[in-house]
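# Architecture at a glance
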Amino acid sequence: MRMVMSYSNNRTYELWHQFMPRRKEIGCTLNSDLYSLQIYPSGAGPISGNADTLFEKWAAVEVAGFPSIPDGMETMILAAGKYAVFIHQGPATTFMKTFHFIFNIWMPGTEFEMDDRPHFEVLPEGYRPNDPLAQEEIWIPIKFKA
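Residues numbered from 1 in each chain as written. Predicted model: local features only at pLDDT ≥ 70, side-chain atom pairs only at ≥ 80, totals over all residues. Heavy atoms only, no water.

Quick look at the nonpolar core now. Residues Trp 16, Phe 19 and Leu 34 are the most contacted members of the largest nonpolar core, which totals 16 residues. Only strand E1 (2–5), helix H1 (12–19) and strand E3 (55–60) provide two or more residues apiece to this core. Per-element tally for this core: the top contributor is H1, with 3 residues. Non-local contacts of Phe 19, meaning those with residues more than four positions away in its chain, are made with Met 1, Ile 26, Leu 34, Ala 59, Ala 60 and Val 61. Of all hydrophobic cores here, the second largest spans 11 residues; its members include Phe 95, Ile 102, Ile 140 and Ile 142. (Core = buried A, V, L, I, M, F, W, Y, C linked by side-chain atoms within 4.5 Å. Buried < 20%, exposed > 50% of the residue type's maximum accessible area, 1.4 Å probe, protein only. Helix = DSSP H or I, 4+ residues; strand = E, 2+ residues; numbered from the N terminus. Contact = heavy atoms within 4.5 Å.)

If you want it as structure tokens, here you go:
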């Protein structure tokens, strides 16, 4: 499932509240991980500086195929490419501190820049967004600097 939102009008809770009760309707799942995926407009990213920038947010699971698609759900095929992977530990409310590290400390010191592909987080089974010990993987699309 997906919704269009901005950081100033964050509808993440609404999206996941609709998705979670229906996730078992999806066939051919490969594991119990959940995926929170963002598609930003070309040239914009999660720290573009404009909290009103609209982007797509997906609540998803990984599947082996699409034999049938439940009503109200959609498919997405994630294009291959290079990703930098980070672990965020802590409640979701502290997520922006990790983003700050990635984009303002780590990335400027590398030979990489953000690529124009979806960003996503892998949420393991039992993930609780308010848990101070919660862990999630952050996948940032990267490419070599031009």
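Okay, the packing of aromatic side chains next. Applying the stated criterion across every chain yields a total of 11 aromatic pairs. With a centroid separation of 4.9 Å and an interplanar angle of 40°, the aromatic rings of Tyr 7 and Phe 55 are classed as tilted. A residue pair is termed long-range when its members are at least 10 positions apart, and Tyr 7 in the loop between E1 and H1 and Phe 55 in strand E3 qualify at 48 residues. A relative accessible area of 30% means that Tyr 7 is categorised as partly exposed. Looking at Phe 55, the relative accessible area reads 4%, which means it is buried. Seen from their ring centres, Tyr 35 and Phe 120 are 6.1 Å apart, and the 50° between their planes marks the pair as tilted. One end of the pair, Tyr 35, is in strand E2 (residues 34–39); the other, Phe 120, is in strand E6 (residues 119–123), with 85 residues separating them in the sequence. Each of the two residues, Tyr 35 as well as Phe 120, counts as buried. Taken together, the ring pairs connect Tyr 35, Tyr 83, Phe 120 and Trp 139 into an aromatic cluster. (Phe/Tyr/Trp six-rings, centres within 6.5 Å; stacked < 30°, edge-to-face > 60°.)

Evaluation of the coordinates by the stated rule reveals 6 salt bridges. A salt bridge links Arg 2 to Glu 56; the nearest nitrogen and oxygen atoms lie 2.7 Å apart. With Arg 2 in strand E1 and Glu 56 in strand E3, this pair connects stretches of sequence that are 54 residues apart. Classification of Arg 2 by relative accessible area gives partly exposed; the value is 36%. Taking the shortest distance from any N to any O, the salt bridge between Glu 14 and Arg 11 comes out at 3.0 Å. Connected through salt bridges with shared partners, the residues Arg 2, Glu 56 and Glu 74 form a single ionic network. (Salt bridge = Lys/Arg side-chain N within 4 Å of Asp/Glu carboxyl O.)

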